[in-house]
Amino acid sequence: MLFVSLLLLCSFHDFHMTHTTLYHNPSLGSIEITVKVSIEDLERSFKNQSSEKLRIGTKNENQLVDKLIPNYFNKHLSFLINNQIIKYEYIGKELNKNLHDIYLYFEISNLDKVIINSINIENTLFLEISPNQTNIVLVELNNQNFNLTFTKDLENKKITLNN
């Protein structure tokens, strides 16, 4: 009986994950950033910043959402290119067909004259609300691909490119 209870308890274990893709677009001189997140996790992360109902991804979405997203991401997702802090711009969002997830779009621009030798990524997305959070990042730079995983125990990673 105890074994069955433990099995049932483990099967309801929360699993939270984000997927981020960084794609270097040399023709535009930019890095396009796409982040796929759970709407529920995004709303939970905003609870301390707004007491209003946000209704993310609905036709009644609160206008505050488009201000909360870049504020939150600037605090929890950062990049250094060649050891220089890089700012990125929030472009917009798109609801996934499953109605559970949302795609968030950002861009690092003005990289047309930059030779990227290294990129440092700090990713602490949703770690403040979920200790089991896993953040996966796929980086596509200079015809090289990197798969990175970030957790509460590993928030920073550095990629060195072979140019």
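Residues numbered from 1 in each chain as written. Predicted model: local features only at pLDDT ≥ 70, side-chain atom pairs only at ≥ 80, totals over all residues. Heavy atoms only, no water.

> What's the story with the environment of leucine 125 in this structure? I'm lost.
Mapped onto the elements, leucine 125 comes out in the loop between β7 (118–123) and β8 (133–141). Take leucine 125: its relative accessible area is 0%, and that puts it in the buried class. Not counting residues up to four positions away in its chain, the partners in contact with leucine 125 are Thr18, Val35, Tyr72, Phe73, His76, Leu77, Gln133 and Asn135. (Helix = DSSP H or I, 4+ residues; strand = E, 2+ residues; numbered from the N terminus. Buried < 20%, exposed > 50% of the residue type's maximum accessible area, 1.4 Å probe, protein only. Contact = heavy atoms within 4.5 Å.)

> Got a minute to help me understand the sheet that holds strand β10 (residues 156–160) in this structure?
Sheet strands pair by backbone hydrogen bonding; their relative direction is either parallel or antiparallel. Read across the sheet, four strands follow the order β4-β3-β7-β10 without closing on themselves; strand pairing throughout is antiparallel. With one partner strand each, in any of the chains shown, β4 (84–86) and β10 form the two edges of the open sheet. Strand-to-strand, the axes of this sheet are offset by a mean angle of 25°, without reference to chain direction. Each of β3 (77–81) and β7 is contacted by helix α3 (residues 65–76), which is oriented at about 55° to β3, the strand it contacts most. (Pairing = 2+ DSSP bridges. Axes fitted to C-alpha atoms, helices over the stretch in contact; angles between N-to-C directions.)

> When you look at the packing of aromatic side chains in this model, what are you seeing that I'm missing?
Each aromatic ring pair is characterised by the separation of its centres together with the angle its planes make. Scanning all chains against the criterion turns up seven aromatic pairs. On the basis of an interplanar angle of 35° and a centroid distance of 5.1 Å, the ring pair of phenylalanine 73 and phenylalanine 106 is categorised as tilted. A residue pair is termed long-range when its members are at least 10 positions apart, and phenylalanine 73 in helix α3 and phenylalanine 106 in strand β6 (residues 101–108) qualify at 33 residues. Considering the side-chain rings of tyrosine 90 and phenylalanine 106, the 5.5 Å spacing of their centres and the 50° angle between planes classify their relative orientation as tilted. Taken together, the residues span a long stretch of sequence, with tyrosine 90 in strand β5 (residues 89–95) and phenylalanine 106 in strand β6 at a distance of 16 residues. Judged by its relative accessible area of 16%, tyrosine 90 falls in the buried class. (Phe/Tyr/Trp six-rings, centres within 6.5 Å; stacked < 30°, edge-to-face > 60°.)

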